[in-house]
Amino acid sequence: MLRIACLVLLLLYLSVAALATERFPSPEFSQGYQFPQITTPQPRDQVLSYIDIGVLFAALALAAYLVLKKRSRRDLVVLVIFSLLYFGFYRHGCICSIGAIQNVALALWNDNYVLPVTAGAFFLLPLLFALFFGRVFCAGVCPLGMAQEVVLLRPVKVPLWLDNALGTVPYFYLGVAVLFAATESAFIICQYDPFVLFFRMGGSVGMLIFGVAMLLLATVVGRPYCRYLCPYGVLLRLLSPFAKWQVKISPEDCHACHLCADACPYGAIKPPTPEVGTVSRQEGKTRLAVLLALLPILVLAGAGLVRLGSPLLAQVHPEVRLADRLWLEEQGRVEGRTEATEAFFIHGLPNMDAYREAAAIRKRFDTGSWILGAWIGLVLGLRIICMSVRRHSQEYQADPAACMACARCYALCPVEHARVQALAGGQTPVHEHADASIDTERPQ
Amino acid sequence: MSDEPRKMTRREFLTECVRGAGLLTIGGLLGGVVSRGRAQSTVWQIDPDKCTQCEKCATACVLNPSAVKCVHEYAICGYCELCFGYLADQRPDDTEAAENQRCPTNAIRRSFVEDPYYQYVIDESKCIGCGVCVKGCQTFGNGSLILQIRHDRCINCNQCAIADVCPSDAIVRVPAAKPYLLQTKG
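Given the structure is predicted, the values throughout are model-derived calculations rather than measurements.

So, the pairing of strand E1 (residues 42-46) of chain B
Residue and element names in this part refer to chain B. Burial runs high along E1: 4 of the 5 residues are buried. In terms of strand pairing, E1 meets strand E6 (residues 171-175) through 5 bridges, oriented antiparallel. Looking at E6, one finds that isoleucine 46 is bridged to isoleucine 171.

Here's the deal with the domain arrangement of chain A
All names here are of chain A. The domains assigned to chain A are domain 1 (49-249 + 408-430) and domain 2 (281-388). Each of domain 1 and domain 2 was reduced to a C-alpha centroid, and the two centroids are 29 Å apart. Listed as interface residues are 17 residues of domain 1 and, on the opposing side, 15 residues of domain 2. Here domain 1 meets domain 2 over a buried area of about 1,400 Å², counting both sides, of which 71% is carbon and sulfur. Here domain 1 is connected to domain 2 by 1 salt bridge. Of the charged contacts in the structure, one is a salt bridge between glutamate 184 and arginine 364, with a shortest N-O distance of 4.0 Å. At the junction of domain 1 with domain 2, the criterion picks out 8 residue pairs in polar contact (both at pLDDT 80 or more). With 8 residues, the single largest contributor to the side of domain 1 that touches domain 2 is helix H9 (residues 169-182).

Observations concerning the interface of chain B and chain A
Listed by partner, the interface residues are 62 residues for chain B and 63 residues for chain A. Summing both sides of the interface, chain B and chain A together bury roughly 5,000 Å²; the carbon and sulfur share of this comes to 61%. The interface formed by chain B and chain A includes 2 salt bridges. A salt bridge links B:Glu16 to A:Lys244, with the shortest nitrogen-to-oxygen separation between them at 3.5 Å. Viewed at the interface, chain A and chain B are joined by 19 residue pairs in polar contact (both at pLDDT 80 or more). Breaking the side of chain B that touches chain A down by element, the ones donating at least two residues are helix H1 (10-35), strand E2 (68-72), strand E3 (108-114), strand E4 (117-122) and helix H3 (132-140) of chain B. Looking at which element gives the most residues to the side of chain B that touches chain A, the answer is H1(B), with 10 residues. Among the residues forming the side of chain B that touches chain A, the class breakdown is 29 nonpolar, 18 polar and 15 charged.

Remarks on a nonpolar patch on the surface
Taken together, the side chains of A:Val77, A:Ile81, A:Leu85, A:Phe89, A:Val150 and A:Met201 define a hydrophobic patch exposed on the protein surface, amounting to about 540 Å² of accessible area. Within the fold, A:Val150 resides in the loop between helix H7 (143-149) and helix H8 (160-166).

Comments concerning the packing of aromatic side chains
Throughout the structure, instances matching the rule amount to 25 aromatic pairs over all chains. Ring geometry for A:Phe82 versus A:Tyr86: centroids 5.8 Å apart, planes at 20 degrees, classification stacked. Linking A:Phe82 with A:Tyr86, this pair stays in helix H3 (residues 73-90), spanning 4 residues, or about one helical turn. Judged by its relative accessible area of 39%, A:Phe82 is partly exposed. The class for A:Tyr86 is buried, based on a relative accessible area of 14%. Chaining the aromatic ring pairs together yields one cluster made of A:Phe29, A:Tyr33, A:Phe35, B:Tyr79 and B:Tyr117. One Lys or Arg, A:Lys244, reaches over the ring of A:Trp245 and ends 5.9 Å from the middle of that ring. Between the NZ or CZ atom of A:Arg337 and the centre of the ring of A:Phe345, over which it lies, the distance is 3.9 Å.

The rules behind these values
Residues numbered from 1 in each chain as written. Chains lettered and ligands numbered in written order. Predicted model: local features only at pLDDT ≥ 70, side-chain atom pairs only at ≥ 80, totals over all residues. Heavy atoms only, no water. Buried < 20%, exposed > 50% of the residue type's maximum accessible area, 1.4 Å probe, protein only. Helix = DSSP H or I, 4+ residues; strand = E, 2+ residues; numbered from the N terminus. Pairing = 2+ DSSP bridges. Domains from an automatic or database assignment. Contact = heavy atoms within 4.5 Å. Buried area = accessible area lost by both parts, 1.4 Å probe. Salt bridge = Lys/Arg side-chain N within 4 Å of Asp/Glu carboxyl O. Polar contact = N/O pair within 3.5 Å; in protein donor to acceptor, adjacent residues only side chain to side chain. Nonpolar A, V, L, I, M, F, W, Y, C, P; charged D, E, K, R; others polar. Patch = residues over 30% accessible without salt bridge, like charges linked within 9 Å, V, L, I, M, F, W, Y side chains within 5 Å. Areas by Shrake-Rupley, 256 points an atom, 1.4 Å probe, with all protein chains shown as cover. Phe/Tyr/Trp six-rings, centres within 6.5 Å; stacked < 30°, edge-to-face > 60°. Lys NZ or Arg CZ within 6 Å of the ring centre and 35° of its normal.

Quick look at the structure:
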C-alpha cells in the first residue's frame with residue numbers, strides 16, 4: 001500500500017517537474033542563433049592536492065630534522081613562517097589534519113562517503129611522524145599552532161591544577177566531534193576553528209570575536225588552542241610518548257639548573273622527582289588499587305549519563321530538528337513554518353519520511369552516546385590514575401606528550417651551550433655559528 | 001655498537017610494542033582507505049532539485065561575495081520577453097530600467113535576439129548568488145536559471161558554511177571530476 005502511494009507521489013512529482021520545464025517551449029530561432037556557452041570553471045587540480053601532501057611530508061621531515069638533529073630554534077622559525085603562509089594563508093587552512101579527524105570518522109561510519117586521499121594523508125602523516133619523532137607536526141607544520149606561535153609575547157605559567165583540568169577538554173572535544181561527524185550531523189571542529197577566518201579573510205562576527213580572543217590569549221598563554229582544545233593534539237599526545245627519537249633537552253648530564261623549565265611556554269618540562277616521595281609505597285599502592293577499581297565505575301557512569309543526554313545531542317542533526325518541528329506543526333502545537341519545514345513542503349514528501357529518517361539517526365545517536373560517555377569516563381579515570389602514579393627522573397625532561405618540540409629550551413641549556421661552543425671552537429665547523437665566526441675572522 | 005648484547009629494559013620493550021601496534025593501526029587505516037576504491041576528492045555543489053532559493057547562499061559563504069552564482073541554462077530557457085527571472089513582481093512598467101528588475105544588483109543583462117525573443121545573460125561579477133531570479137524563473141518560467149557553486153571562486157572548505165545553514169540540505173559533495181549539477185548535459 002505504502003509502496004503504491006510512494007509510486008503515485010513520485011509520478012505526480014515527476015509530472016510537475018516535467019511541466020515546469022515545458023511551460024514555454026524553447027524557441028526555434030530563424031536567424032541561426034547559437035546558445036551561449038555555459039562556462040564551468042573547474043575546481044583546483046587534483047595534482048595540486050598531491051603537491052600539498054608532498055609539502056606536508058617535507059615540512060614534517062624538516063621539522064623533525066631541525067628539532068631533533070640540528071636543535072635550532074632559529075631555523076625552525078623559518079619553517080613556522082613558511083607553514084603559516086602555505087598551509088594557512090595559501091591553502092586557507094583547509095584541509096588541515098585537525099579537521100581531517102572528522103572526514104576519517106565520517107568515512108569509517110558511513111559507507112557512502114569515500115575518504116579523499118588528501119584528507120587521509122593529512123590525518124595519517126603527522127601521526128606516523130609522531131610515532132618516530134614526537135609532535136613535530138605541532139612544532140612547525142600545523143597552521144593553527146603557527147598562528148599562535150607567532151603571536152606569543154610573554155608567556156605566563158598556567159597553574160598545574162588549571163592546566164590539568166583544562167587539559168581534559170580536548171579529549172571530550174575529540175569524542176563529541178567524532179560523534180557528530182560519524183552521525184553526519186556537523187563538522188564542529190571546522191565550525192569552531194578560531195583561526196581559519198584569518199586565513200580566509202572572512203567569516204561570521206561570532207567566530208571573529210572567538211578568533212581575536214584566542215589570539216590575544218595566545219600572547220600571554222602559550223598556544224591555548226593546542227593545549228586546551230585541539231582534538232588532534234589528543235591523538236599526537238597519545239602517540240608521541242612512544243616516539244623512537246624524542247626531544248632531549250640536555251645533550252649530556254643535566255645540571256638541574258631549571259633554566260629550560262622557566263623558558264618552556266607550554267609547561268611541558270617536568271623537574272626531577274625528589275628521591276623520597278611524599279607518600280609511602282604502601283599508601284601509593286592502596287591509592288592506585290582504589291583508583292583502578294573506580295575506573296570501570298567511572299566508565300559505566302559516564303556511558304549512562306551521556307546516554308541520558310542522547311536526545312539532546314541528536315538535536316544537532318538538522319534532520320532530527322526538522323522532524324521534531326514537523327511533528328509539532330502536524331499536531332498544531334506551533335504556528336507557522338520554519339525555513340526547513342517550508343523547504344520540506346515544497347518537495348511534497350510525506351512527513352513520515354522525515355520521521356523515519358530522524359528515528360534512524362536517533363538510534364545512531366543512542367549507540368554513539370554510550371561510546372562517548374564511556375570514553376569520557378575512561379579519560380577522566382585514566383587521567384586521575386596518571387596524576388597519582390609517581391614518575392622517576394633525575395633530570396629536567398620534556399614530557400613527550402605535552403612537548404610541542406618548539407626547540408626553545410635548547411638555547412638556554414648550559415650543557416647545550418657548552419656543546420655548541422665546543423663545536424664552534426673545534427676543528428670541524430659543522431654548526432652555523434661556527435661558519436659565521438670563521439667568516440668574520442678570516443683576514444681579507 | 002658494543003659486542004655484548006644489551007638487554008632491553010621493560011619500558012623500552014613496551015614502547016617498541018606500542019609503536020609497532022600504532023604503525024599497524026595506521027597501516028590498517030591506510031589499507032582501509034585504499035581498499036575502498038578510488039578515493040576521489042570531492043567538491044561542494046548545489047543540487048538544483050533540492051534548492052529552494054532561500055537566499056542564504058548569498059550571505060552564509062565564507063567568501064564575500066559568495067562563491068554561489070546564478071547559472072543560466074540557455075537550452076531550457078523560453079527566451080520570453082516577459083521574464084520573471086528578470087522582471088520584478090511589482091514594477092512601474094516593463095522596460096529595462098533598474099526599478100523594474102528583480103535582481104538586486106542588476107546582474108542580468110537582457111538583449112534582443114529576434115522578435116519576440118530576448119536573451120538573458122548573468123553578469124557573474126555582479127551576481128551575489130541570492131537566487132531571487134532563480135525563484136522567479138522556477139515559479140513562473142521554465143526553471144532555466146539555477147544556483148551553482150562556481151569552482152573558480154569556491155575554496156572548498158572541509159565543511160561548507162552554506163551547507164551548515166541550508167534549510168533543504170541541497171548542498172552536497174560531488175566528485176571533483178564532475179563538479180556541476182546542471183539540468184542539461186554540457
